[in-house]
Each structure stands twice: as structure tokens, then as C-alpha cells.
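Architecture at a glance
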Amino acid sequence: MPTLSNDMMRAIIMDHSTNPSFKHEPVGDGYDKVHMHSDNCIDDIDVFLKIEGDKVVDACFTGRACAISTSSTDIMCSLIIDKSKEEALHIIDQYNKMIHEEDYDEEVLDEALAFQNTSKQAARIRCATIGWTAAQEMIKKD
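So, here's what we can say about the structure. This one's a predicted model, so the numbers in the text were calculated from it and none came from an experiment.

**Re the sheet that holds strand β4 (residues 83–84)**
Spatially, 4 strands are ordered β1-β2-β3-β4 in an open sheet, and the strand pairing comes out antiparallel. The open sheet terminates on both sides in strands that have one partner only, identified here as β1 (31–37) and β4. This element, helix α4 (residues 125–141), spans β1, β2 (44–52) and β3 (55–64) of the sheet and lies at about 145 degrees to β1.

Structure follows, in C-alpha cells:
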């Protein structure tokens, strides 16, 4: 993905915030769930993953969240579905490295690159990582 301008990053975040593809109740059985909330924001979400064998076969979330949290969680879902647990953990690790201004592999992040300036707003780091933290927790425990 090419370098994103501030306008492009804003557009990606707003699109995923106002029209999230993965914000819905899970359909069927076999989902793990982690509840996450933030003391500093309205974020109060449940993240659901369906893992079969070594593969993340579905991901979604419900609840109330700010634009940053909603869009980052929505993008995270799109990036880890149909990935092995190892691949999904690698994507999550690269995202967290980006958020904390460490060296990272931008090739695996696609639209998640819209959050590359999050570290400049420390209060938004929790918002940008809340769904990712929930997914990481579920994948590691499975």
C-alpha cells in the first residue's frame, strides 16, 4: 500500500467507523469472546473469534466504541480472517510495533496503516489497540 496522506488516513478511519463490516453478533456456535473496555473513552466492546484448528475462520465485534476503536477493530477483523494463528499473531505484532513507533512490516497491515500516527496522541493508543489486544488474547489461549 502506498504512503497514506493524512486525508487518506482520515477517510479510511471514518469509512470503517461509520460502515463497519464486522460489527455484528456472531452467527452460529464456536466463538470465543473477550470483553474490553476503556476507562478513558466510551469503548465497551465484545470481540468474537472463531478458530478452527490452526485458522481464524471468523471475527466480529459488538458494543459501543469511538471512531478510532470501531475502525481499528473492524480493520483488524478483515486482516486476520482466514489466517493461521501464527499469521494473525504476526499481523497483530506488526500493528502493535507500528503503534509504538518500532520497526514493523507495513506489507501485512494494509488499511491498518491509517493508524500509524496514533502514537502522537497517547490518549488514543488504547482506543486503537483495544480490539487487537482482545484478538491476541484469544489466539494465544486457544
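The discussion continues.
**Structural notes on the pattern of salt bridges**
Pairing is possible between side chains of opposite charge, provided their charged atoms come close. What the rule picks out here adds up to 5 salt bridges. In this structure, Asp7 engages Arg10 in a salt bridge whose closest nitrogen and oxygen atoms are separated by 2.7 Å. Pair noted here: Asp7 and Arg10 are both in helix α1 (residues 6–18), with a separation of 3 residues, about one helical turn. By relative accessible area, which is 49% here, Arg10 ends up partly exposed. For Asp32, the salt bridge identified is with Lys141, shortest N-O distance 3.8 Å.

**Points about the state of the cysteines**
All chains considered together, the criterion is met by 0 disulfides. Just so you know, Cys41 is unpaired, no disulfide at all, and the nearest cysteine sulfur is the one on Cys66, 3.7 Å from it. Since its relative accessible area comes to 23%, Cys41 is described here as partly exposed. Unpaired in terms of disulfides, Cys60 finds its nearest cysteine sulfur in Cys77, a separation of 6.7 Å. When its relative accessible area of 0% is taken as the criterion, Cys60 is described as buried.

Reading guide: rules and limits
The residue numbering used here restarts from 1 in each chain and proceeds along that chain's sequence as written. Where local features are concerned, this predicted model is filtered to residues with pLDDT of at least 70; where side-chain atom pairs are given and counted, the filter is 80 or more; whole-chain, interface and lining totals use all residues. Only hydrogens and water are set aside when side-chain values are computed; all heavy atoms of the structure are taken into account. At least two DSSP bridges between two strands are required for those strands to pair. Each helix is a run of DSSP H or I of at least 4 residues and each strand a run of E of at least 2, with the numbering of both proceeding from the N terminus. It only takes one pair of heavy atoms within 4.5 Å for two residues to be counted as in contact. Each axis is a line fitted through C-alpha atoms, and for a helix only the stretch in contact is used; angles between axes span 0 to 180 degrees, taken between their N-to-C directions. The working definition used for a salt bridge is a side-chain nitrogen of Lys or Arg within 4 Å of a carboxyl oxygen of Asp or Glu. Exposure categories follow from relative accessible area, calculated using a 1.4 Å probe and restricted to protein chains: below 20% of the type maximum is buried, above 50% is exposed, and the middle band is partly exposed. By definition, disulfides here are pairs of cysteine sulfur atoms that lie within 2.5 Å.

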